[in-house]
Amino acid sequence: MKKILLFSSLLIGNLTFAQVTLPYSTGFDSPALQTGWVQHMKAATNASQWDYSSANPNSAPFCLSHDYAPATGITVANNWFVSPAFEIPSGGNLDSISYMFSGFSVPTTDDTVAIYLLQGSQDPDLANKILLFDFRDAEYIADNTYRTKTDLALDAYSGLSYLAIQYRNSDVSSYWLTVHFDDIAISGNTASVDELPQTEQLTVYPNPTSGEVFIENELNEIESIEVVDLSGKVLVQLPAIQQKVISLDLSGINTGLYIIKAQTPKRVLSKRVWVE
């Protein structure tokens, strides 16, 4: 198994932390896409850590991985992997994050595999921590299958914010908890569609979709439709269709997060959609 070891926060405390502009996405597949991510090892600092791994990525060549430390005698491992800084003064979204679990154990009440929003510091001990999702109980399915969480709201904050993934294993020498994360996308809110009257909002369903989606606007004023990726590249274009519900086939594009933009006489309405 090819792995690239990460530096502990003990070794990088004097570095200037990177900041990214939104929308931001990474699959950890190159040094540029790994830039700014930092590991904070709060326990078991001599073994068992986050790695970039070429084994079992959701999108090749790498993913983020954490394994247990068999027969080392180590008890608690509490390792955080934290993104570069970003600003969300009007709030934002964790648009997507893919994950896969394996091993013969499941998290106990003393274990944690979770996603957080950190406010004010990249160090979890110094930051205000907001839990976004906890992968325990029925959410921890150790079947070597990637799944994706989409559209997790990020609270507005006037300073710097960070996305963080925590791996806490209360007996890392014995509990086999192996986790993989990949394909993370974050965006910030601007003029929110949610602030518009209900009749002017765009409805897209099903979401996630395996191919076909239906687009609906109560005013029936859609002049054209575009489907764009997170870099802004236009993948699909449709001219005006004078009907309340429009069918759109997305089966020809890759798995991932996309934005559907609908031009109306007053404004452009947008909606995120996840293609499975």
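Use the structure listed above.
Residues numbered from 1 in each chain as written. Predicted model: local features only at pLDDT ≥ 70, side-chain atom pairs only at ≥ 80, totals over all residues. Heavy atoms only, no water.

1. Observations concerning the side chain of glutamine 39
As a reminder of what qualifies: Secondary structure is summarised from DSSP: a helix means a run of H or I of at least four residues, a strand means a run of E of at least two, and numbering begins at the N terminus for each. Pairing of N or O atoms within 3.5 Å defines a polar contact, subject to two protein rules: one partner must be a possible hydrogen donor and the other a possible acceptor, and residues neighboring in sequence count only if both atoms are side-chain atoms.
Considering the arrangement of structural elements, one finds glutamine 39 in strand S3 (residues 38–41). Among the polar contacts made by the side chain of glutamine 39, one reaches the side chain of glutamine 49 at a distance of 3.4 Å. Side-chain polar atoms of glutamine 39 contact the backbone nitrogen of tryptophan 50, separated by 2.8 Å.

2. A look at the side chain of asparagine 79
Let me state the cut-off plainly: Contacts were defined at the residue level, with two residues in contact if any of their heavy atoms lie within 4.5 Å.
Locating asparagine 79 in the fold gives a position in strand S6 (residues 77–82). Setting aside its immediate chain neighbours within four residues, asparagine 79 contacts Gln39, His40, Met41, Lys42, Ala43, Ser48, Gln49, Trp50, His66, Ile165, Gln166 and Tyr167.

3. Topic: the environment of aspartate 134
Selection criterion: Whether a residue is buried, partly exposed or exposed follows from its accessible area with a 1.4 Å probe, protein chains only, as a fraction of its type maximum: under 20%, in between, or over 50%, in that order.
Relative to the assigned elements, aspartate 134 resides in strand S10 (residues 128–134). According to the relative accessible area criterion, aspartate 134 is partly exposed, its value standing at 23%. Sequence spacing of aspartate 134 and alanine 114 is 20 residues, and the spatial spacing of their C-alpha atoms is 4.4 Å.

4. Some points on the sheet that holds strand S18 (residues 245–249)
By way of backbone hydrogen bonds, the strands of a sheet pair with one another, either parallel or antiparallel. Heads up, the rule is: At least two DSSP bridges between two strands are required for those strands to pair. Here the axes come from fitting lines to C-alpha atoms, over the contacting stretch only for helices, and the angles between their N-to-C directions go from 0 to 180 degrees.
The strand order S14-S15-S18 describes an open sheet built from three strands, whose pairing is antiparallel. One side of each edge strand has no neighbouring strand; the edge strands of this open sheet are strand S14 (202–205) and S18. Sheet twist, expressed as the average angle between the axes of neighbouring strands with direction ignored, equals 25°. The pairing of S14 with strand S15 (residues 212–217) spans four bridges and is classified as antiparallel. By the bridge assignment for S15, valine 204 is matched with isoleucine 215.

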